[in-house]
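# Coordinate inspection notes
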Amino acid sequence: MARARDVADGDLLLAAVWEQGADYFSTPYIARPEPFDPSCGCGVCCLVTEPGEVVLSQGDPWESCDPWPADDLLLIVSAQRLTDRPLEE
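The following refers to the structure shown. (Residues numbered from 1 in each chain as written. Predicted model: local features only at pLDDT ≥ 70, side-chain atom pairs only at ≥ 80, totals over all residues. Heavy atoms only, no water.)

### Quick word on the sheet that holds strand β3 (residues 21-30)
If you trace the four strands from one edge of the open sheet to the other, you get β1-β6-β2-β3, paired in antiparallel fashion. Either end of the sheet is taken by a strand with one partner, and the two such strands are β1 (2-3) and β3. Pairing geometry for strand β2 (residues 12-18) and β3, over six bridges, is antiparallel. Considered in β3, the bridge of Ala-15 is made with Tyr-24. (Pairing = 2+ DSSP bridges. Helix = DSSP H or I, 4+ residues; strand = E, 2+ residues; numbered from the N terminus.)

Right under this line is the structure:
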């Protein structure tokens, strides 16, 4: 598990982790952290209300960003542990 602010480029995001357990994503995706920009025009970032957001995806697998509060927990596979094999789609 990692805090959203600690997710590195290339990490595989599998699930959000809450007190009730993990909410597994139907489509795990490779994180591409970027600076948060509420004016990016993706249609999601403009809805963010919490300070300290971290953008973990830009268009993969969706056509929008995926901002997370910096303190949120995510279940990941570290990029350092991933093999050279591409993910199957």
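### Examining the nonpolar core
Grouped together as the largest cluster of nonpolar side chains are 14 residues, with contacts concentrated most on Val-7, Leu-13, Phe-25, Leu-56, Trp-68 and Leu-74. For this core, the secondary-structure elements that each account for two or more residues are β2, β3, β4 (53-58) and β6 (73-77). In contact with Leu-13, not counting residues within four places along its chain, are Val-7, Phe-25, Pro-28, Tyr-29, Ala-31, Leu-56, Leu-74, Leu-75 and Ile-76. (Core = buried A, V, L, I, M, F, W, Y, C linked by side-chain atoms within 4.5 Å. Buried < 20%, exposed > 50% of the residue type's maximum accessible area, 1.4 Å probe, protein only. Contact = heavy atoms within 4.5 Å.)

### Examining the state of the cysteines
A complete count under the given rule lists zero disulfides for this structure. Among the cysteines around Cys-45, which has no disulfide bond, Cys-65 carries the closest sulfur, lying 3.8 Å off. What makes Cys-45 buried here is its relative accessible area of 2%. (Disulfide = S-S within 2.5 Å.)

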